[in-house]
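Structural overview
Each chain, written out:
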Amino acid sequence: MNYIDTHAHIDGKEFDADRSEVLQRAREAGCVAIGLPAIDLESSKRVLQLAEEHKGFLYPMVGLHPEEVKADWQEQLDAIHSLLISTLKPQLSIGEVGLDFYWSREFEKEQLEAFEQQVEWSVETGLPLMIHCRKAQNEMVALLRRYEGRLPGGVFHCFTGNEREAEELLRFPGFVLGIGGVSTFKSSHLPQVLPAVVPLDRIVLETDSPYMAPVPCRGQRNEPALVTHIISRLAQAYGISEEELALHTSRNAARVLGIS
């Protein structure tokens, strides 16, 4: 059974000691590709380098994460844009970008401006978006609607919402929902929400490594090899085999993010 992890921060310091072993375990578990989101200029450089070292397995993204939008956000964004243009290629994505008002709204205006600029990059280049949204769906949807019909698509990362929120996001053609370890938590309503309103061709798998490890590894460092637990839970929820679930989600990832 082969699968794709569309979102793993393998460039992070959490993997400095055993990155090669983590990638090897992923391959052994059936992972055939991993999407590498960036969070700022330095991580954008790192994921591009890692992807160059592991062509055909690691797929890079560049962008400014909303939690990294600080006083120097425009300088960061300008430098990331230069990096994007200089490395423009089909199997590149823009991410992890979006809005996050969970902890603070101190930089709300700046987050909105940074997100809109990166949405415009996507429209201009045709590259897909990896969108992070926390406690800001109304604002995110309102902004994206201004670009409806021009967005190339992408992933709404780490979806944990209800049926109404899922339906609202799926109104954007070309976008899919990224489903991760939260779906395996006892308190999660995703096993009920997803089969009710989300077709199999609108979900992709993700870990968000090193965060949010699935049950039975909750609390541990997450890594792409653990996607198998997510596959098992979602296959059960949709009433299909694990192989079929993995096949559908891999096709979706390849279509949306240009992963081959």
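See the structure printed just above.
Residues numbered from 1 in each chain as written. Predicted model: local features only at pLDDT ≥ 70, side-chain atom pairs only at ≥ 80, totals over all residues. Heavy atoms only, no water.

1. Here we look at the overall build of the protein chain
Where we set the bar: Only runs of H or I of at least four residues qualify as helices and only runs of E of at least two qualify as strands under DSSP, and these elements are numbered from the N terminus. Note that the radius of gyration is over C-alpha atoms, with the globule rule given as 2.2 Å times the number of residues to the power 0.38. Relative accessibility decides the category of a residue: with a 1.4 Å probe and only protein chains considered, values under 20% of the type maximum give buried, values over 50% give exposed, and everything between is partly exposed. Residue contacts are counted whenever heavy atoms from the two residues lie within 4.5 Å of one another.
Looking only at helices and strands, the protein chain has nine helices and eight strands in total. Here the protein chain has a C-alpha radius of gyration of 17 Å; the compact-globule value for 260 residues is 18 Å, and the two agree. The principal-axis extents of the C-alpha atoms in the protein chain amount to approximately 45 × 40 × 30 Å. Here the protein chain holds 260 residues, and 55% of them are scored as buried. Considering only intrachain contacts with a sequence separation of at least 6, the fraction spanning at least 24 residues in the protein chain is 74%.

2. Observations regarding unusual backbone geometry
Residue Gly95 is joined to Glu96 through a cis peptide bond whose omega torsion reads 15 degrees. Summarising the element assignment, Glu96 is placed in strand β4 (residues 93-100). Of note, the amide linkage connecting Val215 to Pro216 takes the cis form, showing an omega dihedral of 15 degrees. On the secondary structure map, Pro216 appears in the loop between β8 (203-205) and α8 (227-238). Of note, the phi angle at Cys158 is positive, near 55 degrees, even though the residue is not glycine. Structurally, Cys158 is set in the loop between β6 (154-156) and α6 (163-170). At Met212, a residue that is not glycine, the phi angle is positive and equals roughly 50 degrees. Residue position: Met212 is located in the loop between β8 and α8.

3. Topic: the state of the cysteines
Spelled out, the test is: Counting rule for disulfides: a pair of cysteine sulfur atoms within 2.5 Å.
Scanning all chains against the criterion turns up zero disulfides. Free of any disulfide, Cys31 has its nearest neighbouring cysteine sulfur in Cys217, separated by 15 Å. Cysteine Cys158 is unpaired, with the sulfur of Cys133 as its nearest cysteine sulfur at 11 Å. Classification of Cys158 as partly exposed rests on a relative accessible area of 23%.

4. Here's the deal with helix α4 (residues 108-125)
Given 3.6 residues to a turn, an α-helix orients residues that are three or four positions apart in the same direction. This is how it is decided: Given the number of residues in a helix, its expected span is that number minus one, multiplied by 1.5 Å. When we speak of the arc, we mean the arc of directions from the helix axis to the C-beta atoms.
If you check α4, its first and last C-alpha atoms are 26 Å apart, about what 18 residues at 1.5 Å a residue would give, namely 26 Å. Of the positions making up α4, those classed as buried are Gln111, Ala114, Phe115, Gln118, Val119, Trp121 and Ser122. Buried residues of α4, seen end-on, are gathered within an arc of 150 degrees and therefore sit on one face of the element. When the buried face of α4 is taken as reference, the exposed residues oriented beyond 90 degrees from it are Lys109 and Glu124. Buried residues along α4 sit in contact with α3 (73-86), β4, β5 (129-134) and α5 (137-145). Downstream of α4 by a residue or two, Gly126 has a phi angle that is positive, lying close to 80 degrees.

5. A short note on the pairing of strand β2 (residues 31-36)
Two faces make up the sheet, and in a regular strand the side chains alternate between them. As a reminder of what qualifies: Any two strands between which DSSP finds at least two bridges are classified as paired. By convention a crossover is right-handed if, when the strands point away from the viewer, the path from the first strand over the helix to the second runs clockwise.
Counted residue by residue, β2 has five buried out of six residues, so it is predominantly covered. Where strand β1 (residues 3-5) meets β2, three bridges bridge the pair, whose relative direction is parallel. When the sheet's bridge partners are listed, Asp5 is paired in β2 with Ile34. This β-α-β element, β1 to helix α1 (residues 19-29) to β2, shows right-handed connectivity. Taken together, the three bridges between β2 and strand β3 (residues 58-62) define a ladder with parallel strand orientation.

6. Some points on the packing of aromatic side chains
By convention here, two paired aromatic rings are described through the distance between centres and the angle between planes. Going by this rule: Note on aromatic contacts: the rings of Phe and Tyr and the six-membered ring of Trp form a pair at centre separations within 6.5 Å, being stacked when their planes are under 30 degrees apart, edge-to-face when over 60 apart, and tilted otherwise. Counted as over-ring charges are cases with an Arg CZ or a Lys NZ within 6 Å of the ring centre that also lie within 35 degrees of the ring normal.
Taken as a whole and judged by the stated rule, the model has four aromatic pairs. Centre to centre, the rings of Tyr102 and Trp103 are 4.8 Å apart; their planes meet at 85 degrees, and the pair counts as edge-to-face. A residue is classified by how much of its surface remains accessible, and Tyr102, at 38% relative accessible area, is partly exposed. Pairwise contacts between aromatic rings join Phe156, Phe172 and Phe175 into one cluster. Its end group placed over the ring of Phe185, Arg218 keeps NZ or CZ at 3.6 Å from the ring centre.

7. Topic: the packing of α5 against α6
So the rule is basically this: Axis geometry follows a simple rule: fit a line to the C-alpha atoms, using only the stretch in contact for helices, then measure angles between N-to-C directions, giving values from 0 to 180 degrees. These descriptions rest on fixed angle ranges, namely under 35 degrees for roughly parallel, over 145 for roughly antiparallel, 65 to 115 for roughly perpendicular, and the rest for oblique. Crossing handedness: left-handed means the near helix sits turned counterclockwise from the far one by under a right angle, and right-handed means the same turn made clockwise. Under this grouping Gly is polar, as are all residues other than the nonpolar Ala, Val, Leu, Ile, Met, Phe, Trp, Tyr, Cys and Pro and the charged Asp, Glu, Lys and Arg.
Axis separation between α5 and α6 bottoms out at 11 Å; the angle between their running directions is 15 degrees. With respect to α6, the axis of α5 lies roughly parallel. For the pair α5 and α6, the sense of crossing is left-handed. Taking contact as the criterion, the partners of Gln137, Met140, Val141 and Arg145 in α5 are, on α6, Glu165, Glu168 and Leu169. Classifying every residue of the contact of α5 with α6 by side-chain character gives three nonpolar, one polar and three charged.

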